[in-house]
Amino acid sequence: MTAPAWLEVLNETLDACRTHGRADLAERLRRRRDAPPGQIRLGVLGFPKQGKGYLLNAVLNAPVCAVGDAATPAVPTEIAYSPEPAATLVGRSRERIPVAVERLTGELGARPAGTLSRVEVGVPRELLSAGLVLVDTPPVGDPRSPRTAAALDLLAEADAVILVSDATAPLSAAELALARHVRTWCPHVVLALTKIDASPGWRAVAERNRAMLAEAGIDAPVLPVSAVVRQAAAKTGDAELNARSGFPELLAWIAEQAARPPEQSRALLAAVGVRAAAAELVESLRDRIDTVAQDAGLGQAALLQRAQRRADDLRRQNTRWQNLLSDEITDLLSDAEYDLRERTRKIVTTIDRTFDEGDPAKVWDDFAPWLDNALAEAVDVNYTWLADRAEWIAQAVAACFGAQYDRALPDLRLDGSGVEHLDDVGRPKIEKFKIGQQAFTGLRGSYGGVLMFGLVTSLAGLPLINPVSIGAGAAFAAKTIKDEGGMRLQRRQAVAKQAAQRHVDDVFLKFSKECRDAVRVVQRRLRDHFTGLAEELADELTRERETILAGTAERERRTGHIRREIDRLAALHQRAGELGTIAGRQQRRELSA
């Protein structure tokens, strides 16, 4: 036996609901598919204090539902035909507890909340004898309340719905939204306008409600009724009064629902349910496409812009740190050499002043240790300053990378200045003016004086050696010794200066070379360190761009898949519409991707 077309469409839609994680829609369609045949379920929905219980009691001409100040059941009450009045409480575990009809209200109040799933009431009414089941629902209120959920759960199995609103005011926005939702899931809806006996302006309210329903695209008739007038007519048997109650029209509408051909009714209900479920699914999938589009638009654009900014920053950083390192190393070379030159120049000045005033033969022993210490201190201070300056350069270059520099600075420790290997200044050959040399020089000077003055005094008849010539010889001897001593001192000072200055020059040449080599080492270490960092940042940026592009491809794939699902659901929506047309309903607007 071939399955009906509506069942095939309903099953496909049910699978789609499961696929997209809408268990609520799948359950609603499943219950619609598995609804027992031969039973017409007519639900009664409405907000609190709208006269829903009075209306049902008036329809049945029996006090079945709670009215007035009596507690309203938190679960649906199903009212079906029974030869004798009966009531049964159905628990959550499907246990059935029979209770007397007259004690039903008390039994419901005594049950803990959440222990019942529904209440079944049987009454001997001809209206229900053909399989009609009236379902009284809890009042609709807060969308998050269990009562509202229990009331709307009726739509999974209802063949028709009576919406109840009193005539004291036109439909509120919440009531209109409820009517739209009910009409989406149920093809047969009527609005029962209650309490017309207590509302003189009920006709205007009825017209206003009809206009509001028409503007909202809800094809539901509005039937004004009065339960009070209905009860009064029932007590007196007044047919005219009963006609004024409006219930004959409502009962006729109910009878029309009960008389519908079962197969046609099931096809139409399936079509309506499929279209409602497909519409909700398509709406949620469109939201997902919008979300993906926002991710692919704003999110991807922001990511790509950020990656481009990082690339530009990285190029500027590379240029900036390379120029900075080159400039600072050049300055460091110049400054280090100048510093060492300045320190040695001061030492040379001290050397000149020392030997301009002192005799190297007397001061050299004290001068040599001072010179060695001064040179060692100059070299050590210069080298320490160089190391400090190298650390400063490393920090300055690291600052070019900003927050991207998240590691330790490279190890810039140098091998040491080598002061411990500094050679001591060599003692120059200092010629002393010894006693023997002084005596010989004095004799040479006195010989000239004696000879010169002896010849002069010989003209006066004095011998060559006389007191005058001897005195002159002594004077010349003293002067000769003094002159010779002065010349020898100048020679010693010159030799000492030359030796000391040559030693200073040697130290300068040696350690200036050491400084240049040390600076080159610093430059190579910093260059290698920051080049590696720049390469890592460039690789990271490349991977980030690849990830963004890969994410774009994934989003496009997901978007394409969602669009195909929307097309599939739109096809189901259209097929369901065709079923609705077959069942005699006007086809409504179709879905599209």
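Draft legend 1. Local environment of the overall build of the protein chain. Looking only at helices and strands, the protein chain features 14 helices and nine strands. The globule rule puts the C-alpha radius of gyration for 593 residues at 25 Å, and the 58 Å found for the protein chain is more than 25% above it. By principal-axis analysis of the C-alpha atoms, the protein chain measures approximately 200 × 50 × 50 Å. Looking at the protein chain residue by residue over its 593 residues, the buried ones come to 43%. For the protein chain, the share of sequence-separated contacts (at least 6 apart) that also reach a separation of at least 24 residues comes to 79%. Total accessible area on the protein chain is roughly 31,200 Å²; 54% of this is exposed by carbon and sulfur atoms. In the protein chain, which carries 79 positive and 81 negative side-chain charges, the distance between the mean positions of the two groups comes to 1 Å.

Draft legend 2. A look at the packing of helix α3 (residues 52-60) against helix α10 (residues 247-258). Between α3 and α10, the least distance of the axes is 11 Å, while the angle of their chain directions is 80°. By the angle between their axes, α3 is roughly perpendicular relative to α10. Listed contacts from α10 to Leu-55, Ala-58 and Val-59 of α3 are Phe-247, Leu-250, Leu-251 and Ile-254. In terms of residue class, the contact of α3 with α10 is built from seven nonpolar, no polar and no charged.

Draft legend 3. Seen up close, the side chain of Asp-372. Considering the arrangement of structural elements, one finds Asp-372 in helix α12 (residues 360-399). Although buried, Asp-372 forms no salt bridge, and the nearest oppositely charged side chain, Arg-427, lies 11 Å from it. Look past the residues within four positions of Asp-372 in its chain and what remains in contact with it is Leu-422, Asp-423, Asp-424, Val-425 and His-503.

Draft legend 4. Molecular detail of the pattern of salt bridges. A full pass over the atoms with the stated rule returns 38 salt bridges. Ionic pairing is found between Arg-31 and Asp-153, a salt bridge with its closest N-O pair at 2.5 Å. With a gap of 122 residues between them, Arg-31 in helix α2 (residues 23-33) and Asp-153 in the loop between α5 (146-152) and β7 (160-166) connect regions that are remote in the sequence. Using a relative accessible area of 15% as the deciding quantity, one classes Arg-31 as buried.

Draft legend 5. Broad picture of unusual backbone geometry. Look at Lys-49: it is not a glycine, yet its phi comes out positive at around 60°. The class of Lys-49 is exposed, set by a relative accessible area of 64%. Even without glycine at this site, Arg-94 takes up a positive phi of about 65°. Along the chain, Arg-94 falls in the loop between β3 (86-91) and β4 (96-99).

Draft legend 6. Region of interest: a negative patch on the surface. Together, Asp-423, Asp-424, Asp-505 and Asp-506 give the surface a local cluster of negative charge. Relative to the assigned elements, Asp-506 resides in helix α14 (residues 467-582). Residue classification places Asp-506 among the partly exposed positions, given a relative accessible area of 45%.

Draft legend 7. Here's a closer look at the sheet that holds strand β2 (residues 77-81). Reading across the sheet, the nine strands line up as β4-β3-β5-β2-β6-β1-β7-β8-β9 and stay open at both edges, with mixed pairing between neighbours. A single partner strand is all that each edge strand has here, and the edge strands are β4 and β9 (222-224). Put simply, the sheet's adjacent strands are angled 25° from each other on average, direction ignored. Sheet topology note: the β2/strand β6 (residues 132-136) ladder contains three bridges and is antiparallel. In the sheet register, Ile-79 faces β6, and the bridge partner there is Leu-134. Sheet contacts for helix α6 (residues 173-185): β1 (40-46), β7 and β8 (189-194); angle to β7, the most-contacted strand, approximately 175°. Sitting on the sheet, helix α7 (residues 202-215) is in contact with β8 and β9, with an inclination near 165° to β9.

Draft legend 8. View of the packing of aromatic side chains. Counted under the stated rule, the structure contains eight aromatic pairs. Where Phe-355 meets Trp-364, the ring centres are 5.9 Å apart and the plane angle is 25°; that geometry is what we call stacked. With respect to class, Phe-355 is no different from Trp-364; both count as buried. Geometrically, the ring pair formed by Phe-355 and Phe-367 is edge-to-face, given 4.6 Å between the ring centres and 70° between the ring planes. Of this pair, Phe-355 sits in helix α11 (residues 262-357) while Phe-367 sits in helix α12; the two residues are 12 residues apart in sequence, bridging distant segments of the chain. As far as burial versus exposure is concerned, Phe-355 and Phe-367 are alike and both buried. Connected via pairs of aromatic rings, a cluster forms that spans Phe-355, Trp-364, Phe-367 and Trp-370. Arg-28 extends its terminal NZ or CZ atom over the ring of Trp-185, reaching a point 4.5 Å from the ring centre. Positioned above the aromatic ring of Phe-508 is the side chain of Arg-341, whose terminal nitrogen or guanidinium carbon lies 3.7 Å from the ring centre.

Draft legend 9. Geometry of α12. End to end, α12 covers 55 Å across 40 residues, agreeing with the expected 58 Å (1.5 Å per residue, within 8%). Maximal helix bending in α12 amounts to about 40°, located at Asp-366; proline Pro-369 follows within four positions.

Draft legend 10. Geometry of the side chain of Glu-120. Summarising the element assignment, Glu-120 is placed in strand β5 (residues 116-123). Glu-120 sits in the buried class, given a relative accessible area of 18%. A polar contact of 2.4 Å, which involves the side chain of Glu-120, links it to the side chain of Arg-96. Polar side-chain contacts of Glu-120 include one of 2.9 Å to the side chain of Arg-118.

Draft legend 11. Structural detail: a nonpolar patch on the surface. Together, Tyr-447, Leu-451, Leu-455, Leu-464, Ile-465 and Ile-470 give the surface a local cluster of nonpolar side chains, amounting to about 610 Å² of exposed area. When residues in the nonpolar patch are grouped by element, the largest group, three residues, is from helix α13 (residues 435-458). Looking at the element boundaries, Leu-455 is found in helix α13.

Draft legend 12. Main features of the nonpolar core. Grouped together as the largest cluster of nonpolar side chains are 57 residues, with contacts concentrated most on Leu-45, Val-161, Leu-163, Val-182 and Leu-213. Look past the residues within four positions of Val-161 in its chain and what remains in contact with it is Gly-43, Leu-45, Leu-155, Val-182, Cys-186, His-188, Val-189, Val-190 and Trp-253. Among the nonpolar cores identified, the runner-up in size contains 38 residues, and Leu-55, Val-59, Val-64 and Leu-250 belong to it.

How each quantity is defined
- Residues numbered from 1 in each chain as written.
- Predicted model: local features only at pLDDT ≥ 70, side-chain atom pairs only at ≥ 80, totals over all residues.
- Heavy atoms only, no water.
- Helix = DSSP H or I, 4+ residues; strand = E, 2+ residues; numbered from the N terminus.
- Rg over C-alpha atoms; globule rule 2.2 N^0.38 Å.
- Buried < 20%, exposed > 50% of the residue type's maximum accessible area, 1.4 Å probe, protein only.
- Contact = heavy atoms within 4.5 Å.
- Areas by Shrake-Rupley, 256 points an atom, 1.4 Å probe, with all protein chains shown as cover.
- Lys, Arg positive; Asp, Glu negative; His and termini not counted.
- Charge placed at Lys NZ, Arg CZ, Asp CG, Glu CD.
- Axes fitted to C-alpha atoms, helices over the stretch in contact; angles between N-to-C directions.
- Parallel < 35°, antiparallel > 145°, perpendicular 65-115°, else oblique.
- Nonpolar A, V, L, I, M, F, W, Y, C, P; charged D, E, K, R; others polar.
- Salt bridge = Lys/Arg side-chain N within 4 Å of Asp/Glu carboxyl O.
- Patch = residues over 30% accessible without salt bridge, like charges linked within 9 Å, V, L, I, M, F, W, Y side chains within 5 Å.
- Pairing = 2+ DSSP bridges.
- Phe/Tyr/Trp six-rings, centres within 6.5 Å; stacked < 30°, edge-to-face > 60°.
- Lys NZ or Arg CZ within 6 Å of the ring centre and 35° of its normal.
- Expected span 1.5 Å × (residues − 1).
- Bend = angle between axes of the 7 residues up to and from the residue.
- Polar contact = N/O pair within 3.5 Å; in protein donor to acceptor, adjacent residues only side chain to side chain.
- Core = buried A, V, L, I, M, F, W, Y, C linked by side-chain atoms within 4.5 Å.

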